[in-house]
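Structural characterization, general
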Amino acid sequence: MQSEQILNVLYIVAIVAEAMTAALAAGRRSMDWLGVAMLGAITALGGGSVRDVLLGRHPLTWIEHPSYLLVTAGAALATVFIARYMHHLRHLFLFLDAVGLVVFTVIGCNIALALGMPYVIVIASGMISGCVGGVLRDILCTEVPLLFRAELYATVSILAGALYIGGQYAGLPHALAMGIAMLTGLALRLLALRYGWSMPKFVYTEKLH
Amino acid sequence: MQSEQILNVLYIVAIVAEAMTAALAAGRRSMDWLGVAMLGAITALGGGSVRDVLLGRHPLTWIEHPSYLLVTAGAALATVFIARYMHHLRHLFLFLDAVGLVVFTVIGCNIALALGMPYVIVIASGMISGCVGGVLRDILCTEVPLLFRAELYATVSILAGALYIGGQYAGLPHALAMGIAMLTGLALRLLALRYGWSMPKFVYTEKLH
Amino acid sequence: MQSEQILNVLYIVAIVAEAMTAALAAGRRSMDWLGVAMLGAITALGGGSVRDVLLGRHPLTWIEHPSYLLVTAGAALATVFIARYMHHLRHLFLFLDAVGLVVFTVIGCNIALALGMPYVIVIASGMISGCVGGVLRDILCTEVPLLFRAELYATVSILAGALYIGGQYAGLPHALAMGIAMLTGLALRLLALRYGWSMPKFVYTEKLH
C-alpha cells in the first residue's frame with residue numbers, strides 16, 4: 001500500500017533523527033565515539049524493541065533488518081563531526097523528533113492491531129514505541145526521564161493512538177485515519193513546544209517512610 | 001479454588017497500593033500527571049512483567065488483563081488529589097506494601113511451579129515478582145534501588161518463597177503452606193519496619209581500577 | 001569438542017570474577033549483603049539474559065542452569081569477607097575481567113551463529129553478551145555506564161567478534177578462529193588498560209532544546 005510506503009520512509013527519517021539527537025545527549029555526558037553510536041542505536045530502536053519483547057513478538061525489527069542498526073549507529077557517529085552546525089538546524093531536529101513520535105506511535109498501534117490486541121493495549125503499544133527510546137536514553141545518561149516531565153510528549157502519543165483507533169472504528173479509510181492521527185499529534189506537539197504547554201505537575205515533598 | 005480467589009483479591013489491593021506509593025515517589029521528582037500514572041503502572045506491574053519476559057511466558061498479565069493497566073494508572077493519578085491526606089494513612093500503606101510483597105512473591109512462585117521450574121528458579125521468580133517493580137521505580141527516579149539497601153525487603157521475599165515450597169514439599173495442604181508463608185513473611189516485614197531491622201551492609205571505599 | 005569444554009571452564013571462571021568485581025561496586029554504594037549477592041548475579045548473568053530476551057531464545061542460561069545463580073550470588077557474598085585482600089589481587093581481577101569480556105563475546109557470537117543470524121547481529125550478540133552486564137551494574141548503582149566512556153571495552157568486543165567471524169569465513173578451523181579472536185581481544189584490552197588507551201570522546205555542551 002502507498003500509505004505503508006510513506007510510513008516506512010518516515011520511519012527511516014525518524015530513527016536517523018532520533019539517533020542524531022541522542023548523540024548530542026551522549027556528547028553532554030562526554031561519551032566516547034562508540035558510546036555515541038550505541039546510545040544513538042539504543043534510543044532510535046529501543047522503543048520498538050521493548051514493545052516487541054513485551055508483546056512476545058520476534059524477531060525484533062533491527063534483528064530482521066540489521067541495516068537499521070548500522071544506519072542509526074552511523075547517523076549518531078556522523079553527528080560527532082557535524083555537531084557544531086546542529087545548532088542552526090535545531091528547529092528541523094525538533095520537528096523531526098515530533099514526526100518520529102507520531103510515526104513510531106502509529107507503527108506501534110499497527111503492530112498491536114495486527115496481533116488482535118484490545119484497544120487499551122493498542123494505545124499502550126503505540127506509546128511504548130513512541131516514548132521508551134527516550135526513556136532508555138535518559139536512564140543511560142542517569143537523568144530522570146524527560147518523558148515523565150516534558151511537554152505533552154506521552155500525551156501526544158496517547159492522543160494520536162486514540163484518534164487512529166477512533167478513526168478506524170468510525171469507518172474512515174485506513175490511510176485517512178492514520179493521516180488525521182499523525183497530523184493532529186504533530187500539531188499538538190509543535191504547539192506545545194512553541195508555547196511551552198505542559199501537563200500540570202505533581203509536587204510532593206513528604207517522605208512516606 | 002477459594003484460596004486462589006483470596007489471592008486474586010489481595011493482588012488487586014496490592015497493585016493499587018503499590019501504584020499509590022509510587023505516585024508519591026513521582027511527586028517527589030515533580031513528574032507531571034501522566035508521568036505519575038505511568039510510574040504507578042510500571043511499579044505495580046513491572047515485577048510481574050520482568051518475571052514473565054525472563055521466563056518467556058506470554059501474554060504478560062496486563063496484556064491479558066488490560067484493566068490492570070487502567071486501574072493502576074488511575075490509582076496513581078487519584079493519589080495526586082488525595083496526597084495531602086496520605087500522611088495520616090502511612091501505616092496503612094506500609095502495611096499494604098508488605099501485603100503486596102508477600103502476595104506478589106507467592107504468585108511468582110506459583111507461576112514458576114506451574115512451568116515445572118526447579119526450586120531455585122521458583123524462589124527467584126517469587127523474588128523478581130515481589131521486588132523488581134520497586135527497582136524499576138527507583139531507576140526511573142534515578143535513585144540507587146532501595147531494594148539493595150532496605151529493611152529485609154528481598155529477604156522477606158526469599159524466606160516466604162522458601163517456606164511456601166518447603167510447606168508443599170512437607171506435604172502440607174496447598175492453602176496452608178501458602179498461608180504460613182505469607183503470614184510469616186508479613187510478620188517479618190512489619191517487625192523489620194517497626195524495629196528498624198536490616199541486613200548488615202557491605203561498605204567498601206577503595207577503587208579496584 | 002575440546003574447545004567447547006575450555007570455553008565452558010573459562011565461562012565459569014569469568015562469571016565468578018564478574019560477580020566478585022560487581023560486589024566491590026555494591027560495597028561502594030553500601031548495599032546490604034543480599035543486595036551484594038543480587039548485584040553480583042545480575043552483573044555476571046545479565047548480559048547473556050538481555051541477549052537471549054532480545055533474540056527470543058528460551059530458556060535463559062541461568063534458568064536452564066540454576067547453579068549459575070547460586071555460584072555468582074555466593075561468589076559476590078564471599079567477596080564481602082575477602083574484600084580487604086582484593087586490593088592485592090587487583091591485577092588478577094582486571095585480567096579475569098578481560099578474559100570474561102572475550103569469553104562472553106565468543107559465546108554470544110556462537111549463539112547467534114547457531115540461530116543463523118546475519119553477521120551484523122552475530123557481532124551485536126557478542127557485544128551484548130560481553131558488555132551489558134556491566135551496563136546493568138552501573139545503572140543499578142546510578143552511574144553513567146562505564147561502557148560508554150571506558151578503555152576500549154566495547155571496541156574489544158566488536159573486534160573479537162569480527163575476527164572470529166572473519167576467521168571462520170576465511171576457512172580457518174573453528175578452534176583456531178576462536179583462539180585468535182580471544183587472544184587478540186585479550187591483548188588489546190590489557191594493552192589499553194596498561195597504557196590508558198581510549199577512544200576519542202565526544203564533548204558537547206549546548207542544549208538542543
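Residues numbered from 1 in each chain as written. Chains lettered and ligands numbered in written order. Predicted model: local features only at pLDDT ≥ 70, side-chain atom pairs only at ≥ 80, totals over all residues. Heavy atoms only, no water.

1. Describing the interface of chain A and chain B
The line we're drawing: Any pair of residues with heavy atoms lying within 4.5 Å of one another is described as a contacting pair. Accessible area that two parts lose when put together, with a 1.4 Å probe and added across both, is what the buried area reports. Definition used for salt bridges: Asp or Glu carboxyl oxygen within 4 Å of a side-chain nitrogen of Lys or Arg. Any pair of nitrogen or oxygen atoms within 3.5 Å is treated as a polar contact; in protein, a donor-acceptor pairing is required on top of that, and neighbouring residues in sequence qualify only through side-chain atoms on both sides.
At the junction of the two partners, chain A supplies 34 residues and chain B supplies 39 residues. Regarding the contact of chain A and chain B, the summed buried area is about 3,200 Å², with carbon and sulfur atoms giving 75% of it. The tally of links between chain A and chain B comes to 0 salt bridges. Scanning the region where chain A abuts chain B turns up 4 residue pairs in polar contact (both at pLDDT 80 or more).

2. Regarding the relation of the copies chain C and chain A
Stated precisely, the cut-off is as follows: The copies were overlaid by least squares, fitting only the C-alpha atoms of residues that reach a pLDDT of 70 or more in each copy.
Superposition of chain C onto chain A requires a rotation of 120° combined with a translation of 0.0 Å along the rotation axis, giving an RMSD of 0.0 Å. The operation mapping one copy onto its partner corresponds to a three-fold rotation axis. Closest to the rotation axis within chain C is the C-alpha of Thr142(C), separated from it by 3.7 Å. A share of only 9% of interface residues in chain C that are also interface residues in chain A marks the association as one of differing surfaces.

3. Focus on the interface of chain C and chain A
Stated precisely, the cut-off is as follows: Each helix is a run of H or I in the DSSP string that is no shorter than four residues. Each strand is a run of E no shorter than two, and both are numbered from the N terminus. Ten residues, namely Ala, Val, Leu, Ile, Met, Phe, Trp, Tyr, Cys and Pro, are considered nonpolar, four, namely Asp, Glu, Lys and Arg, are considered charged, and the remaining ones, Gly among them, are considered polar.
Across the contact, 34 residues belong to chain C and 38 residues belong to chain A. Both faces considered, chain C and chain A share a buried interface measuring about 3,200 Å² in area, 74% of it formed by carbon and sulfur atoms. Along the contact surface separating chain C from chain A lie 0 salt bridges. Here chain C is connected to chain A by 4 residue pairs in polar contact (both at pLDDT 80 or more). Within the residue set of the side of chain C that touches chain A, elements represented by two or more residues are α2 (33–55), α6 (119–140) and α7 (153–169) of chain C. The element contributing the most residues to the side of chain C that touches chain A is α6(C), with 7 residues. Taken together, the residues of the side of chain C that touches chain A sort by class into 25 nonpolar, 4 polar and 5 charged.

4. Some thoughts on the packing of aromatic side chains
The geometry of an aromatic ring pair is captured by two quantities: the separation of the ring centres and the angle between the planes. The following threshold applies: By convention, a stacked pair of Phe, Tyr or Trp rings (six-membered ring in the case of Trp) has centres within 6.5 Å and planes under 30 degrees apart, an edge-to-face pair has planes over 60 apart, and any other such pair is tilted. Partly exposed residues are those whose accessible area sits between 20% and 50% of the maximum for their type, while under 20% is buried and over 50% is exposed, using a 1.4 Å probe and protein chains only. Counted as over-ring charges are cases with an Arg CZ or a Lys NZ within 6 Å of the ring centre that also lie within 35 degrees of the ring normal.
This model, assessed by the stated rule, comprises 18 aromatic pairs over all chains. Consider the rings of Tyr195(A) and Trp197(A), whose centres lie 6.1 Å apart with planes at 25°: the pair is stacked. Of the residues examined, Tyr195(A) reaches a relative accessible area of 53% and is grouped as exposed. Here Tyr11(C) and Phe104(C) contribute two aromatic rings whose centre-to-centre distance is 5.8 Å and whose plane-to-plane angle is 65°, an arrangement assigned as edge-to-face. Placement of the pair is Tyr11(C) in helix α1 (residues 2–28) and Phe104(C) in helix α5 (residues 90–114), with a sequence separation of 93 residues. In terms of burial, Tyr11(C) and Phe104(C) fall into one category: buried. Feature note: the residues Tyr11(A), Tyr68(A) and Phe104(A) constitute an aromatic cluster, connected by ring pairs. Positioned over the ring face of Tyr195(A) is Arg194(A), at 5.1 Å from the centre of the ring.

5. Some thoughts on the pattern of salt bridges
Residue and element names in this part refer to chain A. Inspection of the entire model under this criterion finds 15 salt bridges over all chains. For Asp 52, the salt bridge is made with Arg 57, and the minimal N-O distance between the two is 3.0 Å. The class of Asp 52 is buried, set by a relative accessible area of 0%.

6. Re the nonpolar core
What counts here: Take the buried residues of types Ala, Val, Leu, Ile, Met, Phe, Trp, Tyr and Cys, join any two whose side-chain atoms come within 4.5 Å, and each joined set is a nonpolar core.
In this structure, Trp62(A), Trp62(B) and Trp62(C) are the most contacted members of the largest nonpolar core, which totals 218 residues. Those residues in contact with Trp62(B) that sit more than four places away from it in its chain are Leu54(A), Ile121(A), Ile128(A), Leu45(B), Ser49(B) and Leu69(B).

7. Some points on helix α5 (residues 90–114) of chain B
Residues and elements named next belong to chain B. Heads up, the condition is: What a helix should span is 1.5 Å times the count of its residues minus one.
End to end, α5 covers 36 Å across 25 residues, agreeing with the expected 36 Å (1.5 Å per residue, within 8%). Across the 25 residues of α5, 19 count as buried, placing the element largely inside the fold. Downstream of α5 by one or two residues, Gly 116 has phi in the positive range, about 70°.

8. Considering a nonpolar patch on the surface
All names here are of chain A. So the rule is basically this: Distance thresholds for patches are 9 Å for like charges and 5 Å for nonpolar side chains (Val, Leu, Ile, Met, Phe, Trp, Tyr), applied to residues having over 30% relative accessible area and no salt bridge. Note on areas: Shrake-Rupley, 1.4 Å probe, and residue coverage restricted to the protein chains presented here.
The grouping of Leu 159, Leu 163, Leu 172, Leu 176 and Ile 180 at the surface amounts to a nonpolar patch, some 350 Å² of accessible area in total. Of all the elements in the fold, those that place two or more residues in the nonpolar patch are α7 (153–169) and α8 (174–195). Relative to the helices and strands, Ile 180 is located in helix α8.

9. Some thoughts on the packing of helix α1 (residues 2–28) of chain B against helix α8 (residues 174–195) of chain B
All names here are of chain B. Put simply, the rule is: The convention used is that axes are lines fitted to C-alpha atoms, helices contributing only their stretch in contact, and that angles between N-to-C directions extend from 0 to 180 degrees. Each angle is binned into one of four classes, with values under 35 degrees roughly parallel, values over 145 roughly antiparallel, values of 65 to 115 roughly perpendicular, and all other values oblique.
Running from N to C, α1 and α8 cross one another at 30°; their axes reach a closest spacing of 10 Å. The orientation of α1 relative to α8 falls into the category roughly parallel. Here α1 contributes Ser 3, Glu 4, Leu 7 and Leu 10 to the contact with α8, which in turn contributes His 174, Ala 175, Met 178 and Met 182. Classifying every residue of the contact of α1 with α8 by side-chain character gives 5 nonpolar, 2 polar and 1 charged.

10. Some points on the UniProt feature "transmembrane region" (unreviewed entry) in chain A
Residue and element names in this part refer to chain A. Selection criterion: UniProt positions are given in the numbering used here, feature names are shortened, and annotations may be inferred rather than shown by experiment.
Following the UniProt record, one finds the feature "transmembrane region" (unreviewed entry) at residues 6–26, 33–54, 66–85, 92–113, 152–170 and 176–197. End-to-end, the C-alpha atoms of residues 66–85 are 29 Å apart, and along that stretch the chain is 100% helix and 0% strand. Segment residues 152–170 splits into 89% helix and 0% strand. End C-alpha atoms: 26 Å apart.

11. Description of the confidence of the model for chain A
In plain terms, the rule: pLDDT runs from 0 to 100 and stands for how confident the predictor is about each residue.
For chain A, per-residue confidence averages 92 on the pLDDT scale, and 98% of positions sit at 70 or higher. Per-element confidence in chain A is highest for helix α3 (residues 61–64) of chain A, whose mean pLDDT is 97, and lowest for helix α1 (residues 2–28) of chain A, whose mean pLDDT is 92.

12. A closer look at α8(B)
All names here are of chain B. What counts here: Think of it as the arc spanned by the lines of direction from the helix axis to the C-beta atoms.
Over its 22 residues, α8 extends 32 Å from the first C-alpha to the last, a length consistent with the 32 Å expected when each residue adds 1.5 Å. By the burial criterion, the buried members of α8 are Ala 177, Met 178, Ala 181, Met 182, Gly 185, Leu 186, Leu 188, Arg 189 and Ala 192. Seen from one end, α8 has its buried residues packed into an arc of 160°, which puts them on one side. Of the residues in α8, the exposed ones pointing more than 90 degrees away from the buried face are Leu 183, Arg 194 and Tyr 195.

13. Remarks on the packing of α2(C) against α5(C)
All names here are of chain C. Our working definition: A clockwise turn of the near helix away from the far one marks a right-handed crossing, whereas an anticlockwise turn of less than a right angle marks a left-handed crossing.
Their axes nearest at 11 Å, the elements α2 and α5 cross at an angle of 20°. In this view, α2 runs roughly parallel relative to α5, as classed from their interaxial angle. Here the hand of the crossing between α2 and α5 comes out right-handed. Contacts from Ala 44, Arg 51, Asp 52 and Leu 55 of α2 reach α5 at Phe 104, Ile 107, Gly 108 and Ile 111. In terms of residue class, the contact of α2 with α5 is made up of 5 nonpolar, 1 polar and 2 charged.

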